Amino acid sequence: FMLIAYSGASSQNIQISMSPHPSPYLSDWESHAETLVLIVNNTSGKNIDVKIKTQLFNGNNDVIAETDLQKMPVLSIPTGVSSYHAEDIYPVSDLKYDNSYKQKLVTTGRIPDDNYRLCVSLTDPKTGAPLTSQQPQCKIFTITAYQAPILLSPRDKDTVTIAQTKGFLFKWTP
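Draft legend 1. Empty space enclosed by the protein, seen in detail. For the structure shown, the criterion picks out one cavity of 30 Å³ or more. There is about 30 Å³ of room inside the largest cavity. I14, S121, L122, P130, L131, T132 and Q134 together form the lining of the largest cavity. Its residues assigned to classes, the lining of the largest cavity comprises four nonpolar, three polar and no charged.

See the structure below:
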């Protein structure tokens with residue numbers, strides 16, 4: 001199941017497709033193309049040079065990570081429809097992090113559990129100004145750590161005889 005946002009502009013239309021429950025590991029984002037896709041429809045009749053600005057907001061609406069536009073490569077968007085994936089939109093090496101968030105990411109290697117909003121826009125590569133009058137396209141997603149169930153009964157290394165198995169129930173944590 002993928003969420004899709006669409007916004008029209010005078011010479012570019014952009015759409016974002018993103019899993020509502022992506023991997024909590026940013027390294028997976030770059031290796032799994034389906035995690036995040038930006039589709040740009042350039043109807044200007046000429047190539048357009050852009051830098052992609054991406055911001056990640058936590059559940060409190062604080063910016064916790066964003067692309068460093070000085071490090072982001074200039075992309076030449078050809079006329080027609082083009083697709084870009086997480087490695088182009090949200091490259092881990094070109095991100096600036098909030099200090100507390102960066103510490104959590106470095107320590108655990110994963111995005112902390114929370115509700116997030118990821119916003120993407122096309123910017124002028126020289127000035128950083130938005131290229132269109134449209135609002136950034138945003139997607140809401142959730143990171144949740146799932147814990148495997150733990151067997152409560154029978155306990156580890158307990159012996160269960162054949163006679164005990166009739167009507168026997170295994171008990172697990174939720």
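Draft legend 2. Focus on the state of the cysteines. By the definition in use, this model includes one disulfide. At a sulfur-sulfur separation of 2.0 Å, the disulfide partner of C119 is C138. Judged by the sign of its S-S torsion, about 110°, the bond between C119 and C138 is right-handed. Highlighted residues: C119 in strand β9 (residues 114-123) and C138 in strand β10 (residues 137-143), separated in sequence by 19 residues.

Draft legend 3. Local environment of the nonpolar core. Judged by nonpolar contacts, the single largest core of 32 residues is most densely connected at W29, L36, L38, L56, Y90 and Y101. Leave out the neighbours within four places in its chain, and Y101 touches L56, I64, A65, I111, P112 and Y116.

Draft legend 4. Broad picture of the side chain of T67. One can find T67 in strand β5 (residues 63-67). Owing to a relative accessible area of 3%, T67 belongs among the buried residues under this scheme. At 3.5 Å, the side chain of T67 forms a polar contact with the backbone oxygen of I52. If we ignore the near neighbours within four places in the chain, the residues touching T67 are I52, K53, T54, M72, I89, P91, D94, L95 and K96.

Draft legend 5. Representation of the pairing of strand β4 (residues 48-57) within the structure. Counting buried residues along β4, eight of its ten residues qualify, which places the element largely inside the surrounding structure. As defined by bridge partners, β4 adjoins strand β6 (residues 75-77) across three bridges and the pair is classed as antiparallel. For D49, the partnering residue across the bridge sits in β6 and is S76. In terms of strand pairing, β4 meets β9 through seven bridges, oriented antiparallel. For T54, the partnering residue across the bridge sits in β9 and is V120. Note that β4 and β5 share three bridges and pair antiparallel. Its bridge partner being in β5, F57 is matched across the sheet by V63. The antiparallel hairpin formed by β4 and β5 contains five residues in its connecting segment, where N61 sits at a positive phi of about 70°.

The rules behind the values
Residues numbered from 1 in each chain as written. Predicted model: local features only at pLDDT ≥ 70, side-chain atom pairs only at ≥ 80, totals over all residues. Heavy atoms only, no water. 1 Å grid on protein atoms, 1.4 Å probe; cavity = no way out; pocket = protein on both sides within 12 Å on 5 of 7 lines; lining within 4 Å. Points joined across faces, edges and corners; volume = space filled by probe spheres on them. Nonpolar A, V, L, I, M, F, W, Y, C, P; charged D, E, K, R; others polar. Disulfide = S-S within 2.5 Å. Helix = DSSP H or I, 4+ residues; strand = E, 2+ residues; numbered from the N terminus. Core = buried A, V, L, I, M, F, W, Y, C linked by side-chain atoms within 4.5 Å. Buried < 20%, exposed > 50% of the residue type's maximum accessible area, 1.4 Å probe, protein only. Contact = heavy atoms within 4.5 Å. Polar contact = N/O pair within 3.5 Å; in protein donor to acceptor, adjacent residues only side chain to side chain. Pairing = 2+ DSSP bridges.

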